[in-house]
Amino acid sequence: QPLAVGRTHRFATPAQRTALAVRDGGCILCHRPPAECQAHHVTDWADGGTTDLDELTLLCWVHHRQVDLHRWTLSRNPDLHGQFRLVTATPRHRWRNRAHA
């Protein structure tokens with residue numbers, strides 16, 4: 001099963017969901033189990049993001065919304081032995097307004 005489908009599919013495939021569960025283990029912020037998580041595009045779909053494994057991560061609904069509102073910033077961890085994504089709090093002045101998101 002392909003783990004990189006580019007822009008042919010917006011939502012993660014079953015094979016990608018399985019790979020994300022193995023890699024991320026659940027929400028990367030609160031560790032909720034994979035079954036309670038959504039696949040999040042690190043580069044927004046609307047901004048040309050792809051549905052490829054290295055562009056997806058698991059987030060629970062609450063943290064997915066917070067990331068979409070720019071409360072947290074996700075980046076690739078350069079340490080290949082650590083967690084795949086690094087999570088950094090975003091300064092409050094850079095948050096999106098809930099009414100406009």
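Just above, that's the structure.
This text gives an overview of the structure that appears in the document.

Basis of the calculations
- Residues numbered from 1 in each chain as written.
- Predicted model: local features only at pLDDT ≥ 70, side-chain atom pairs only at ≥ 80, totals over all residues.
- Heavy atoms only, no water.
- 1 Å grid on protein atoms, 1.4 Å probe; cavity = no way out; pocket = protein on both sides within 12 Å on 5 of 7 lines; lining within 4 Å.
- Points joined across faces, edges and corners; volume = space filled by probe spheres on them.
- Helix = DSSP H or I, 4+ residues; strand = E, 2+ residues; numbered from the N terminus.
- Nonpolar A, V, L, I, M, F, W, Y, C, P; charged D, E, K, R; others polar.
- Polar contact = N/O pair within 3.5 Å; in protein donor to acceptor, adjacent residues only side chain to side chain.
- Contact = heavy atoms within 4.5 Å.
- Phe/Tyr/Trp six-rings, centres within 6.5 Å; stacked < 30°, edge-to-face > 60°.
- Lys NZ or Arg CZ within 6 Å of the ring centre and 35° of its normal.
- Core = buried A, V, L, I, M, F, W, Y, C linked by side-chain atoms within 4.5 Å.
- Buried < 20%, exposed > 50% of the residue type's maximum accessible area, 1.4 Å probe, protein only.
- Salt bridge = Lys/Arg side-chain N within 4 Å of Asp/Glu carboxyl O.
- Arc of directions from axis to C-beta.

Focus on the layout of surface pockets
Empty pockets left among the atoms are what a rolling probe the size of a water molecule brings to light.
Here is step 1 of the chain: Considered as a void within the structure, the largest pocket measures approximately 360 Å³ in volume.
Here is step 2 of the chain: Looking at the largest pocket, it is lined by 15 residues, and the ones nearest its centre are Arg10, His40, Asp44, His64 and Asp68.
Here is step 3 of the chain: It is strand S1 (residues 37-41) that provides the largest number of residues to the lining of the largest pocket, a total of four residues.
Here is step 4 of the chain: Split into classes, the residues belonging to the lining of the largest pocket amount to six nonpolar, four polar and five charged.

Notes on the side chain of Gln16
Here is step 1 of the chain: Structurally, Gln16 is set in helix H1 (residues 14-24).
Here is step 2 of the chain: Polar contacts involving the side chain of Gln16 include one to the main-chain carbonyl oxygen of Leu3, which spans 3.0 Å.
Here is step 3 of the chain: A polar side-chain atom of Gln16 sits 2.8 Å from the main-chain amide nitrogen of Thr13.
Here is step 4 of the chain: Look past the residues within four positions of Gln16 in its chain and what remains in contact with it is Pro2, Leu3, Ala4, Val5, Phe11, Thr51, Asp52, Leu53 and Leu56.

Details of the packing of aromatic side chains
Here is step 1 of the chain: In the structure shown here, the tally under the stated rule is zero aromatic pairs.
Here is step 2 of the chain: The ring of Trp45 carries the charged tip of Arg7 above its face, separated from the ring centre by 4.0 Å.
Here is step 3 of the chain: Looking at Arg23, its charged tip hangs above the ring of Phe84, at a distance of 3.9 Å from the centre.

Observations regarding the nonpolar core
Here is step 1 of the chain: Listed in full, the 12 residues of the largest apolar core are Ala19, Leu20, Cys27, Ile28, Cys37, Leu53, Leu56, Leu58, Leu59, Cys60, Val67 and Leu74.
Here is step 2 of the chain: Residue assignment for this core shows that the elements contributing at least two residues are H1 and strand S2 (56-60).
Here is step 3 of the chain: When residues in this core are grouped by element, the largest group, four residues, is from S2.
Here is step 4 of the chain: Leave out the neighbours within four places in its chain, and Leu20 touches Gly25, Ala39, Leu53, Leu56, Thr57 and Leu58.

Some remarks on the pattern of salt bridges
Here is step 1 of the chain: The final tally for this structure, using the stated rule, is three salt bridges.
Here is step 2 of the chain: The salt bridge partner of Glu36 is Arg32, with a shortest N-O separation of 2.5 Å.
Here is step 3 of the chain: Residue Glu36 is classed as partly exposed on the basis of its relative accessible area of 40%.
Here is step 4 of the chain: Among the residues examined, Arg32 registers a relative accessible area of 40% and is labelled partly exposed.

Considering H1
Here is step 1 of the chain: Among the residues of H1, those classed as buried are Ala15, Gln16, Ala19, Leu20 and Asp24. Along H1, the residues classed as buried sweep out an arc of 140° about the axis, all on the same side. The outward face of H1, more than 90 degrees from its buried face, is lined by the exposed residues Pro14, Thr18 and Val22.
Here is step 2 of the chain: Next to the buried residues of H1 lie S1 and S2.
Here is step 3 of the chain: Positioned one or two residues after H1, Gly25 has a phi angle of 75°, which is positive.

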